[in-house]
Amino acid sequence: LNIEAIALPGTYSLYHKRMDEWVSYRVVIGDDESFRPDLVVAVVDASNLKRNLLLCTQLIDLNVPVVVALTMMDQARKKGIQIDIPALERELGVPVVAVNPRKNKGIGELKKTIQSWQKQTIKTTSRSFIDIEKLAPYAVQETQALFPEIGEYKAVHYLINHESLSIPHQDSIESIEIKSGFNPTKTQAQEILDRYAHIRVIMQASVSEP
């Protein structure tokens, strides 16, 4: 299996606060023409799962192919946290592999999972973790009409960040925002609240904590 792996700057959310996070954002949103990844391996800290699942659910809602590499399992166990990996896979709809890079554990399984995805023997579940259209019904529909190839969640990001992205129809998006009264700050805040509500459900189904 020959793959080209590129490590992106770490981030906890698609709502970037630093320039290095903006680099990662442009890649996963598909705005960096120099690098279009076929698959994203999301490295997730098992001892801080709730915070890390925010980004995972955002990536999945973007319809980006994702494999979750679950690290720090030893630290999670020390905290009394037990993660049911098959249950977490079912809840997320993507493969989850426990890895310990320092001890070279799980790396072979991660490679096999990537290879299985490449051969299309792994089926992922298409889903939305939140009611995305409810965040901005008219604005999302109108933006998708301009870009028929994008999903609802990417439409939200086009509305929020279009001025900084290399996408056409800038004036039309501005017009949609004005007509619909689209508020980026309120939309983002509501999304995060809705996401964490669903993440609580995911963790109840797959994680036991002291």
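Residues numbered from 1 in each chain as written. Predicted model: local features only at pLDDT ≥ 70, side-chain atom pairs only at ≥ 80, totals over all residues. Heavy atoms only, no water.

Here the focus is a nonpolar patch on the surface. A contiguous nonpolar patch, built from Ile6, Leu8 and Val23 and spanning about 220 Å² of accessible area, is present on the exposed surface. Mapped onto the secondary structure, leucine 8 falls in the segment before helix 1 (19–29). (Patch = residues over 30% accessible without salt bridge, like charges linked within 9 Å, V, L, I, M, F, W, Y side chains within 5 Å. Areas by Shrake-Rupley, 256 points an atom, 1.4 Å probe, with all protein chains shown as cover. Salt bridge = Lys/Arg side-chain N within 4 Å of Asp/Glu carboxyl O. Helix = DSSP H or I, 4+ residues; strand = E, 2+ residues; numbered from the N terminus.)

Using the criterion set out here, one finds two aromatic pairs in the structure. Geometrically, the ring pair formed by tryptophan 22 and tyrosine 25 is stacked, given 5.4 Å between the ring centres and 25 degrees between the ring planes. Of the two residues, tryptophan 22 and tyrosine 25 both sit in helix 1, three residues apart, roughly one turn of that helix. Using a relative accessible area of 14% as the deciding quantity, one classes tryptophan 22 as buried. Seen in terms of ring centroids, phenylalanine 147 and tyrosine 158 are 5.0 Å apart; in terms of plane orientation they differ by 80 degrees. Their pairing is edge-to-face. Of this pair, phenylalanine 147 sits in the loop between helix 7 (137–146) and helix 8 (152–161) while tyrosine 158 is found in helix 8, placing the two residues 11 residues apart along the sequence. Across the ring face of tyrosine 196, the terminal group of lysine 50 is positioned such that the distance to the ring centre comes to 5.4 Å. The lysine or arginine in question, arginine 195, covers the ring of tyrosine 153, its NZ or CZ lying 4.7 Å from the ring centre. (Phe/Tyr/Trp six-rings, centres within 6.5 Å; stacked < 30°, edge-to-face > 60°. Buried < 20%, exposed > 50% of the residue type's maximum accessible area, 1.4 Å probe, protein only. Lys NZ or Arg CZ within 6 Å of the ring centre and 35° of its normal.)

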